[in-house]
Amino acid sequence: MPEQHTRRDFAKLTALTAAAITFKPFYILHAKPKVDGEVIGHGSYKYKVHQSWGNLDAAKFPVNNCHEMVQDSKGRLIMVGDEIKNNILIYDRSGKLLETWGHEFPGGHGLTLWNANGEEFLFISDPNIGKVFKTDLKGKILLTIEHPSKVGAYKEADPFKPTETAIGPDGTIYVADGYGSQWILRYNQKGEFIDKFGGSGDGDAQFSTAHGIAIDYRDKANPTLIVTSRAHNAFKKFTLDGKYLSTLFLPGAFVCRPVFHGDTLFAGVCWSRLRYLNQTPNSGFVTIIDKSNKVISNPGGTKPVYQNGELQLMLQEKPIFMHCHDVCVDNDENIYVCQWNAKKTYPVKLERV
């Protein structure tokens, strides 16, 4: 991931105003979703939209916010949300509901799948109650990580609102306190605290909404940690023990968690900078980044443009999505999009074409 200087790049947002004005964003707040079948995206990463793919009977299986989704080794698509009638919805790839469970996660937000030598576990982050839960695939709680003050890592008054986890190659549990105090906390497999890094701020090694986190195995000999700094429109790269390496600046894109599929990084964009270059409601899209950390497609967003090697402002172009909170990529490279604050809509499928 190329070294970039965060403060310098953020200052350039003002210089991008002219680019933003060339688009017509003001219709977006009142737009209606497009019908199924529209093709979106750029280059070789284009997709057919299936808006109704995940639709269910809302009376029986309601959703509030569809927060995140993962795929297990059987190909099942597991989604977490914050509706306690069914925090977990499990689909097959055709959109058929296979199973539901979970009533104890009022803020069900982050969902991480860990395959431990063939045995699979889930980590559920709930910022509303300030806890992370390790469960089996049936929902049995096996481990709970509570407020870091219990292990001396925070003061009792410090907010702890975890949004995401990642599991390292040695089983280390990384917890992103993205809605709380902006630290990345490390725990061993038993849930014992190791240390923390980051914190709130505009420094290179600090975060503004450390919303997502993932292990980057694209360099198999040297895995690293990728952390979202959403309000900075950036992903930040660290060593597995928390040393800052570099920043990937994504101007205009309030990205959520990084999702790796092969050598490609995918992310939902919750907002883009439309009106007056501010965070604008209902302005989400999906962004796709190659191994060299170049944005190659923005389904639902503007075509990525580089000038003198620098990525220009990215915006929502089509009103297909509202707030893309997460993506899941299956073995055929179809994308499943979970949305926050999107009128209680179910996940949308983007079929690779």
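Look a little higher up for the structure.
Let me begin by describing the structure that accompanies this report.

Calculation criteria
- Residues numbered from 1 in each chain as written.
- Predicted model: local features only at pLDDT ≥ 70, side-chain atom pairs only at ≥ 80, totals over all residues.
- Heavy atoms only, no water.
- Buried < 20%, exposed > 50% of the residue type's maximum accessible area, 1.4 Å probe, protein only.
- Helix = DSSP H or I, 4+ residues; strand = E, 2+ residues; numbered from the N terminus.
- Pairing = 2+ DSSP bridges.
- Polar contact = N/O pair within 3.5 Å; in protein donor to acceptor, adjacent residues only side chain to side chain.
- Contact = heavy atoms within 4.5 Å.
- Axes fitted to C-alpha atoms, helices over the stretch in contact; angles between N-to-C directions.
- Salt bridge = Lys/Arg side-chain N within 4 Å of Asp/Glu carboxyl O.

Right, let's get into the pairing of strand S27 (residues 324-329). Counting buried positions along S27 gives 6 out of 6 residues, so the element sits mostly inside the fold. Two elements, S27 and strand S28 (residues 335-339), share 5 bridges in a ladder whose sense is antiparallel. Across the sheet, Val327 pairs through a bridge with Val337, a residue of S28.

On to unusual backbone geometry. Residue Asn233 is not a glycine yet carries a positive backbone phi of 55°. Here Asn233 is to be found in the loop between strand S16 (224-229) and strand S17 (234-238). The class of Asn233 is buried, set by a relative accessible area of 0%. Residues other than glycine seldom take positive phi values, yet Asn282 does so here, at roughly 60°. Mapped onto the elements, Asn282 comes out in the loop between strand S22 (279-280) and strand S23 (285-289).

For Asp330, the position within the fold is in the loop between S27 and S28. Note on Asp330: relative accessible area 0%, which makes it buried. Within the structure, the side chain of Asp330 is placed 2.9 Å from the backbone nitrogen of Asp332, a separation counted as a polar contact. Engagement of the side chain of Asp330 in a polar contact is seen with the side chain of Tyr336, the distance being 2.7 Å. In contact with Asp330, other than residues within four places in its own chain, are Gln71, Arg93, His261 and Tyr336.

With that settled, consider the sheet that holds strand S7 (residues 110-116). Judged by pairing direction, the sheet is antiparallel, and its 4 strands sit side by side in the order S7-S8-S9-S10 without closing on themselves. The open sheet has two edge strands, S7 and strand S10 (141-145), and neither has a second partner. For this sheet, the mean inter-axis angle between neighbouring strands, taken without regard to orientation, is 20°. Judged from the 4 bridges that link them, strand S9 (residues 131-135) and S10 form a sheet pairing that is antiparallel.

The subject of this paragraph is the pairing of strand S21 (residues 264-273). The buried fraction of S21 amounts to 10 of the 10 residues, a majority that puts the element mostly inside the structure. The pairing of strand S19 (residues 253-255) with S21 spans 3 bridges and is antiparallel. When the sheet's bridge partners are listed, Ala253 is paired in S21 with Ser272. Hairpin connection of strand S20 (residues 259-261) to S21: 2 residues between the antiparallel strands, including Gly262 at a positive phi of 65°. When S21 meets S22, the two strands line up antiparallel, connected through 2 bridges. Bridged to Ser272 within S22 is Thr280.

Applying the stated criterion to the full structure yields 14 salt bridges. A salt bridge links Glu99 to Lys138; its shortest N-O distance comes to 3.6 Å. Here the residue Glu99 occupies a position in strand S6 (residues 97-101), and Lys138 occupies one in the loop between S9 and S10, the gap between them amounting to 39 residues. Given a relative accessible area of 18%, Glu99 falls into the buried group. Take Lys138: its relative accessible area is 61%, and that puts it in the exposed class. A salt bridge links Glu333 to Arg352; the nearest nitrogen and oxygen atoms lie 2.2 Å apart. Within this pair, whereas Glu333 is found in the loop between S27 and S28, its partner Arg352 is found in strand S29 (residues 348-352), the two being separated by 19 residues in sequence. Relative accessible area serves as the criterion here: at 28%, Glu333 is assigned to the partly exposed category. A single network of salt bridges, built from pairs that share partners, joins Glu68, Glu164, Arg257 and Asp326.

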